[in-house]
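A structural walkthrough
So the chains spell out like this:
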Amino acid sequence: MKIRLSQNEMREYVAARGLLAKTGFGLVEAAALANAVAERLGATTGTGLLETLLGRVPVLREEAEKPSGTFGEIFERYLEARRNLRPRTRSDYRERCRRLLARVPALKDAPLPRISTEDCLAALNAAFPRERQAVKGRALMSAVFGFAERLGLVPRNPVAAIGVPEVAEKEIVPLTLREGEELVRAARELAGARAALAVGLMLYGGIRPTEVSRLRRADVDLREGVICIAPTRSKTGGARHVSVFPPLMRLLREPGALPLEEDALLVPADWTRKWLRIRRACGWGSDAARPWRQDVLRHTFASYHLKLFRDIAKLQLEMGHTSPKLLFARYVNLRGVARADAKAFFR
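Predicted model only: the values in this text are computed from it and were never measured. (Residues numbered from 1 in each chain as written. Predicted model: local features only at pLDDT ≥ 70, side-chain atom pairs only at ≥ 80, totals over all residues. Heavy atoms only, no water.)

**Description of the nonpolar core**
Among the nonpolar cores identified, the biggest contains 53 residues, and Leu183, Leu201, Ile227, Trp271, Trp275 and Leu297 are the most heavily contacted of them. Contributing elements (two or more residues each) for this core: helix H10 (177-191), helix H11 (193-203), strand E2 (226-229), helix H13 (246-252), helix H14 (271-281), helix H15 (296-309), helix H16 (312-319) and helix H18 (339-346). Counting residues per element, this core draws most heavily on H11, which supplies 9 residues. Those residues in contact with Ile227 that sit more than four places away from it in its chain are Leu201, Ile207, Leu215, Asp219, Val220, Arg240, His241, Val242, Val244 and Leu252. (Core = buried A, V, L, I, M, F, W, Y, C linked by side-chain atoms within 4.5 Å. Buried < 20%, exposed > 50% of the residue type's maximum accessible area, 1.4 Å probe, protein only. Helix = DSSP H or I, 4+ residues; strand = E, 2+ residues; numbered from the N terminus. Contact = heavy atoms within 4.5 Å.)

Here's what the structure looks like:
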């Protein structure tokens, strides 16, 4: 249906758009705000300022009646559009959304255009009190609102005005040579050569646990001495080659360490349960005195690597980081790491 405007109405519409362009507000959003102010002051009784504006400029009526949807509904549309997401990532997103809607029930039924920046900030604080949780929660909300903005369902992304929470990095002490060797030995004894190799890929290659669980026989190039991490295996979506240092090469050459089929996974079956059992056998995670840190093997590799080679650019390539900033902030801890131990680590 085409809407015809009089010259006066068109001038008002163009003028309103010009004024609001400087504020970032949409027409309906501004009208709703004006209506709320008028009601607070006791003005414009009866139909209300918003209804008056919608009646005078039919374009506003059409814009106000566009279907939007609630946060949960738009989240489902967002996931449908992102079919390329890995199953684990999709599961993480669903869990964050479930937590958000459980802690902030008002989001379930609130139309997306009526959710303000203040509402988003309050929801994040309620659902994700911890810093790292808040970073991930903000990323999800921003992605959903950004998706809605591209579809024209909201005038702007209200999460964009919320700064990314700063995470205070906690010190992670690298494992000693003996602690690393104990883990590899326990893996071999409890679950075989393939389990020992899986631990070695994390310890002597600095490869992320999730990436190790995705690696296949075809990703190992013994002749070139590298582990090829394709974008489909990488956490960040970028490809890289990880150098195979002598201790890792020995694990790769152990009988039974590598599966025969090129498409077979490197980790043994039921790896998650076996890896937990291996750690517990070495005394990790059994009590508060010796808690297990998720990325401690990656931290250990980075610390010994930088201590021995003194080459942050090379380490950055090995770890798959786009910037050295994260290495210095989170992964590199040289306190108590002797150069002699670093030599022995890679020998």
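Don't stop here, the text continues.
**Considerations on the confidence of the model for the protein**
Mean pLDDT over the protein works out to 83, with 77% of the residues at or above the 70 mark. Residue range residues 60-65 is modelled with pLDDT below 50. Its contacts to residues more than four positions away, or to other chains, number 12 contacts. (pLDDT = per-residue confidence, 0-100.)

**Observations regarding the sheet that holds strand E3 (residues 240-243)**
Two orientations exist for strands paired in a sheet by backbone hydrogen bonds: parallel and antiparallel. Pairing in this open sheet of 3 strands is antiparallel, and the strands run E1-E2-E3 from one edge to the other. The outermost strands of the open sheet, each flanked by one partner alone, are strand E1 (220-221) and E3. Examined bridge by bridge, E1 and E2 share 2 bridges and lie antiparallel to one another. Opposite Val220, over in E2, you have Ile227 as the bridge partner. (Pairing = 2+ DSSP bridges.)

**Let's talk about H16**
Three or more residues of H16 are buried, namely Leu315, Gln316, Glu318 and Met319. Buried residues along H16 cover an arc of 165° about the axis, so they all sit on one side. The N-capping residue of H16, defined by a side-chain oxygen 3.3 Å from the backbone nitrogen of Ala313, is Asp311. One or two positions beyond H16, positive phi appears at Gly320, with a value near 80°. (Arc of directions from axis to C-beta. Polar contact = N/O pair within 3.5 Å; in protein donor to acceptor, adjacent residues only side chain to side chain.)

**Quick word on empty space enclosed by the protein**
Going through the model one piece at a time under the given rule, you end up with 1 cavity of 30 Å³ or more. Considering only enclosed or pocket space, the largest cavity measures out at about 30 Å³ in volume. Along the walls of the largest cavity sit Met202, Ile207, Pro209, Gln294, Asp295, Leu297 and Arg298, which together make up its complete lining. Its residues assigned to classes, the lining of the largest cavity shows 4 nonpolar, 1 polar and 2 charged. (1 Å grid on protein atoms, 1.4 Å probe; cavity = no way out; pocket = protein on both sides within 12 Å on 5 of 7 lines; lining within 4 Å. Points joined across faces, edges and corners; volume = space filled by probe spheres on them. Nonpolar A, V, L, I, M, F, W, Y, C, P; charged D, E, K, R; others polar.)

**Concerning the pairing of E3**
Note on strand geometry: in a regular strand, side chains alternate between the two faces of the sheet. Only one face of E3 is covered, namely the one carrying Arg240 and Val242; the face carrying His241 and Ser243 has none of its residues buried. Inspection of the sheet shows E2 paired to E3 by 4 bridges, in the antiparallel sense. The residue bridging Ile227 from the neighbouring strand is Val242, located in E3.

**Considering unusual backbone geometry**
Both trends apply: most residues other than glycine have a negative phi, and most peptide bonds are in trans. Despite not being glycine, Asp270 has its phi angle at roughly 60°, a positive value. Relative to the helices and strands, Asp270 is located in the loop between H13 and H14. Of note in the backbone geometry, Arg310 takes a positive phi value of approximately 55° without being a glycine. Looking at where Arg310 falls in the secondary structure, it is placed in the loop between H15 and H16.

**Overview of the packing of H15 against H16**
In contact at an axis separation of 9 Å, H15 and H16 are set at 155° when each is read in the N-to-C sense. When the axis of H15 is compared with that of H16, the two are roughly antiparallel. For the pair H15 and H16, the crossing hand works out as right-handed. Two secondary-structure elements touch here, H15 through Arg298, Phe301, Ala302, His305, Leu306 and Phe309 and H16 through Ile312, Lys314, Leu315, Glu318 and Met319. Split by residue class, the contact of H15 with H16 holds 7 nonpolar, 1 polar and 3 charged. (Axes fitted to C-alpha atoms, helices over the stretch in contact; angles between N-to-C directions. Parallel < 35°, antiparallel > 145°, perpendicular 65-115°, else oblique. Left-handed = near helix turned anticlockwise from the far one by under 90°.)

**Concerning the environment of Phe328**
Mapped onto the elements of the fold, Phe328 is located in helix H17 (residues 325-331). In this structure Phe328 comes out as exposed when scored by relative accessible area, which is 53%. Separated by 26 residues in the primary sequence, Phe328 and Ala302 have C-alpha atoms spaced 9.9 Å apart.

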